[in-house]
Each structure stands twice: as C-alpha cells, then as structure tokens.
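# Examining the three-dimensional arrangement
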Amino acid sequence: MPVPTAATFRANMGNAFGALAYRNYRTYIIGNGISLIGTWAQRIAVGWLAWQLTHSATWLGVVAFADLGPAVVLGPWSGVLADRTERLTIIWITMLSAMAQAVALALLSYAGVIDIWSLFLLTLMLGCANAIAQPARLALVPNLVEREGLSSAVAINSVVFNGARFVGPALAGFVIAHGSVSLAFALNALTYVAFILSLRNLRIVRPESPALSRNVLSDTVAGYRYAAQHPGIGVVLVLMAATTLGLRAFVELLPGIADAIFARGPQGLAWMTASVGIGAMIGGIWVASRPRLDGLTRVVVLTVLLSTVFLFGFIGTTIFWVALPCLFVIGFAQVITGIGAQTLIQNAVDPQMRGRIMSLYGMIFRGGPAIGAVVFGIIGEHLGLRAAIAISACTGIAVYAWAVGRQDVIAKALEREHEAA
C-alpha cells in the first residue's frame, strides 16, 4: 500500500472541499449551516421537554415521529413539486413556516402553558414543512455547482449538517441548563434569518428542464417505477430503509437514555448527541476526500456492520465515558453510509427524475427513524430502553448479511459515470 504524502493529503482535501469554489454554494452552505445549528439545538430542546413532560419512551417516539414521519406521507407529492416548481420558492415558504413554529414554541414554553399535545402538534407542523422542503433542498444542490463539484457538494452538505449536530446540542445543553428551553427555541427562530438571507443571494448555475405530465399521480408513479427498475438505485433505497429504521432510531431515544440509564440530565444528552455529531462530521470529511466513486459501495456496506457493532457496545456499557466513544464511531459510520448512498444515487439518477428520487431518499432518511422511534419507543416502554436498542442493533446484522451479497451489482450500476440528460 502506498504511503500517503503531504501532496496526496492536500489533493484529497481539495477534492473534499472543491464545491466551496462556487460562490452560490458557499452562500447557500453558510446560511444553511447557521440555520442547522439552531435546528439541532431545538431538536434537543424538544426531546428534553417531551421527556420532562411525560417521562415516557413512547412519547419520545411519538414526538420524533411527528418531526420525521410527515416525510412518509408528503414525500411523493413534495418530490413531484420539486420537479415542477422553482425550488428556491419552495424552500423560502417552508423556512418561513419553520421560523413561525419556533417562535410559537418559544412563546408557549416561556409562558408555561405548553403541554405534550401542543408540543406534538407544533412538532408535526415543522415536520410537514421539512417534508415539503427536503426534496427541493436535496435537488437544489446539483443546480449550485458544476458536475465535477457534485460529490464534494453532497459530502459538504453532510459535514455541515453533522457539524451543526455537534455545535447545536452543545449550545442547547448550556442554554437549557443555565437558561430555559424557551430560549433554545428563540435562538432557533433567529438562525432561520441567516438562511433566508442566503437564499436571496443565490443564482442557479445548472437549471434543469423538467418534462412532466399534468397528472401528479402519474408523475409520482413514474418516479417509483424508475427507482424500482433501476439496477442500483432501488437496492440502495432498500438498504437505506432498513438501516434508518433499525439503526438510526436510537438517536430519538437519547433523552430517555441520558436520564434513565446514565442519569446525566440535559448536559449529558448534549454530550451524547454531540458525540454522534462530531463522529459524523469527521466521517463526512473522510468520505468527501475520496477522489473517485470506485469502491464506495463496499464502504457503504461495511459501515453498516461497523455501526451495528458499536451500537451493541454503546447499549452494553454502564460507563458514560465509554458510551461516548461508541457514539462517536456510530456517527462516523452512519454518516458514511448516508453520504455514500446519496452520492451514488445522485451520480446515476436521470436529472428529470432527480426531485422524485431524492424525495424517496428523503422519505426514507426521515421516515425510517420516525417509524423506528415509535416502534422501539414502545418496546422500550415495556422491556426497557437497553432491550429496545439491543433489538434495533440486531437488525443491523440482518441488513449487512443481505447487502454484502449485492454490493457488486450496486457498484456496477451506480459507480459508473452517468451522462447527464
């Protein structure tokens, strides 16, 4: 094996961050990054507030489903919308709705009148806004860079998302411990301003001309048929569905785990979520530094096994400072699985199908943990949180065994250079 040199390292880092050479993408990612810090701070505040109001693992799962589950219902329609409508307009409207939701949460919690049902309904409102926005946001990224910057842009998106997953929880833990959950909600509302301003300064680099019928249902079915018949995309979506349902749902149960198992309170929850986030951020940088798609499928499948092993380690320990490194590795592995899958799909998808296929990806990415959180939350209510997470980890073994025999077929279909339509 050749020894990496300084020149190789610099070249890899240039590949990882190449998309930042595009002004449009820099503008977008700065505003989005600031907003995501607020988003993660609010997610911690919502989870902690739900636990404090109910001390119920089931309610943790239900509230998580309200946030993530609407993607399952609205995803097909929002994917067609992203292919039919100007994507920046969709993002504008949904971000204004999300900011209004954060303001409402801040006011109700500050006044002391919030209960679990109002928290659920407001979280559902945000979930609907995000479900509509996500396909447009994912499909927008290739419009902001030239083709050679696409892999870098997808990876940077994930690095920023997971960097915010580190900073946001740390900020939330401090704010909740020394202030209140209402302050965390108010800070999130302010961060949307930065994102909205960045959207005003974007100019599309690579517009795509959709060729859609007038019938939303037929366009949706066409997207599903395309994914099912594609030799690689459908298999990768099934892989993502299985891993998000079984292996990612534990994150939504961390408020209960931090309090009931490790007795660490909101700051412990922030440490745990931040450990996942910083591992994911480093994983994102690593996968972004890969200069080519060759071998990416094998990496995606291997990281399913890696996250499974360390999820068993996390739930098997009673030592908080052992649990945190396990969470770090889980975050590292799971983000490589997610970035790798999205990069492979974005590389091979027909541009006219991009919005609909990315809506399917978004449905799975958000809907899988939502359904898993409800299922494993109910299991945790009856068998305990440790047993619930152990059962979820067992699904990872089955997923890896299923995927490892199909990785050559996926690689042949998705790692090739795709000629844009």
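Above this text you will find the structure in question.
No experiment lies behind these values; they were computed from the predicted model shown. (Residues numbered from 1 in each chain as written. Predicted model: local features only at pLDDT ≥ 70, side-chain atom pairs only at ≥ 80, totals over all residues. Heavy atoms only, no water.)

Broken down by element type, the protein carries 17 helices and 0 strands. Expected size for 421 residues packed as a compact globule is a radius of gyration near 22 Å; at 20 Å, the protein falls within 12% of this value. Each of the three principal axes of the protein carries a C-alpha extent, and together these read 55 × 45 × 45 Å. Looking at the protein as a whole, 57% of its 421 residues qualify as buried. In the protein, of all internal contacts separated by at least 6 residues, the share reaching a separation of at least 24 is 88%. When the accessible surface of the protein is totalled, it reaches about 16,700 Å², and 68% of it is carbon and sulfur. Measuring between centres, the 26 positive side-chain charges of the protein sit 3 Å from its 17 negative side-chain charges. (Helix = DSSP H or I, 4+ residues; strand = E, 2+ residues; numbered from the N terminus. Rg over C-alpha atoms; globule rule 2.2 N^0.38 Å. Buried < 20%, exposed > 50% of the residue type's maximum accessible area, 1.4 Å probe, protein only. Contact = heavy atoms within 4.5 Å. Areas by Shrake-Rupley, 256 points an atom, 1.4 Å probe, with all protein chains shown as cover. Lys, Arg positive; Asp, Glu negative; His and termini not counted. Charge placed at Lys NZ, Arg CZ, Asp CG, Glu CD.)

Below, the discussion takes up the packing of helix α13 (residues 296-316) against helix α14 (residues 320-348). The geometry of a pair of packed helices is captured by two quantities: the angle between their axes and the separation between those axes. As a packed pair, α13 and α14 sit with axes 8 Å apart at the nearest point and diverge in direction by 155°. Classified by the angle their axes make, α13 and α14 are roughly antiparallel. Once α13 is placed against α14, the crossing between them reads as left-handed. Residues of the contact of α13 with α14, tallied by class, amount to 18 nonpolar, 8 polar and no charged. (Axes fitted to C-alpha atoms, helices over the stretch in contact; angles between N-to-C directions. Parallel < 35°, antiparallel > 145°, perpendicular 65-115°, else oblique. Left-handed = near helix turned anticlockwise from the far one by under 90°. Nonpolar A, V, L, I, M, F, W, Y, C, P; charged D, E, K, R; others polar.)

A word on the state of the cysteines. Inspection of the entire model under this criterion finds 0 disulfides. Between Cys-326, a free cysteine, and Cys-394, which holds the nearest cysteine sulfur, the sulfur-to-sulfur gap is 16 Å. (Disulfide = S-S within 2.5 Å.)

Two side chains with opposite charge may pair up if their charged atoms get near one another. Evaluated as defined, the whole model comprises 3 salt bridges. Notably, a salt bridge pairs Asp-67 with Arg-43, separated by 3.5 Å at the nearest N-O pair. Taken together, the residues Asp-67 in helix α3 (residues 57-68) and Arg-43 in helix α2 (residues 23-54) connect sequence positions 24 residues apart. Given the relative accessible area of 10%, Asp-67 is considered buried. (Salt bridge = Lys/Arg side-chain N within 4 Å of Asp/Glu carboxyl O.)

Let us look at helix α17 (residues 407-414). Taken together, the buried positions of α17 are occupied by Gln-407, Ile-410, Ala-413 and Leu-414. End-on, the buried residues of α17 take up no more than an arc of 130°, which puts them together on one face. Away from the buried face of α17 by more than 90 degrees, exposed residues Val-409 and Lys-412 are located. The elements touched by buried residues of α17 are α10 (233-246), α13, α14 and α16 (385-404). (Arc of directions from axis to C-beta.)

As a further point, take the nonpolar core. The biggest cluster of nonpolar side chains holds 93 residues, and the ones touching the most others in it are Phe-250, Ile-257, Met-272, Phe-314 and Ile-357. Sort the elements by how many residues they give to this core and α14 lands first, with 13 residues. Ala-19, Ala-133, Val-141 and Val-145 belong to the second largest nonpolar core, which has 25 residues in total. (Core = buried A, V, L, I, M, F, W, Y, C linked by side-chain atoms within 4.5 Å.)

On to the packing of aromatic side chains. If you walk through the whole model with that rule in mind, you get 10 aromatic pairs. Ring centres of Phe-250 and Phe-314 lie 6.0 Å apart, and the angle between their planes is 55°; on these two criteria the pair is classed as tilted. Taken together, the residues span a long stretch of sequence, with Phe-250 in the loop between α10 and α11 (254-261) and Phe-314 in helix α13 at a distance of 64 residues. Take Phe-250 and Phe-314: they sit in the same class, and that class is buried. Its end group placed over the ring of Trp-40, Arg-43 keeps NZ or CZ at 4.8 Å from the ring centre. (Phe/Tyr/Trp six-rings, centres within 6.5 Å; stacked < 30°, edge-to-face > 60°. Lys NZ or Arg CZ within 6 Å of the ring centre and 35° of its normal.)

As a further point, take the environment of Met-125. The topology assignment puts Met-125 in helix α6 (residues 116-144). For the pair Met-125 and Ala-98, spaced 27 residues apart in sequence, the C-alpha separation works out to 8.0 Å. Aside from chain neighbours lying at most four places away, what touches Met-125 is Ser-97 and Gln-101.

Between helix α12 (residues 265-288) and α14, whose axes approach to 7 Å, the crossing angle comes to 40°. With respect to α14, the axis of α12 lies oblique. Pair α12 / α14 crosses with right-handed handedness. Considered class by class, the residues forming the contact of α12 with α14 number 17 nonpolar, 6 polar and no charged.

With that out of the way, let us pick up helix α8 (residues 181-200). For α8, built from 20 residues, the straight-helix expectation of 28 Å at 1.5 Å per residue is met to within 8% by its first-to-last C-alpha distance of 30 Å. Those residues of α8 that sit buried are Val-181, Ser-182, Ala-184, Phe-185, Asn-188, Ala-189, Thr-191, Tyr-192, Phe-195, Ile-196, Ser-198 and Leu-199. (Expected span 1.5 Å × (residues − 1).)

Judged by side-chain polarity, Phe-65, Val-72, Val-73, Leu-245, Ile-371 and Val-375 come together as a nonpolar surface patch covering roughly 470 Å² of accessible area. Looking at the nonpolar patch, the elements with two or more residues in it are α4 (70-84) and α15 (354-383). When you line up the elements, Phe-65 lands in helix α3. Judged by its relative accessible area of 34%, Phe-65 falls in the partly exposed class. (Patch = residues over 30% accessible without salt bridge, like charges linked within 9 Å, V, L, I, M, F, W, Y side chains within 5 Å.)

Take the environment of Phe-328 next. Inspection of the secondary structure assignment puts Phe-328 in helix α14. Since its relative accessible area comes to 29%, Phe-328 is described here as partly exposed. Considered as a pair, Phe-328 and Phe-310 are 18 residues apart in the sequence and their alpha carbons are 9.2 Å apart. Filtering out sequence-adjacent residues up to four positions away, Phe-328 remains in contact with Ser-275, Ile-278, Gly-279 and Ile-282.

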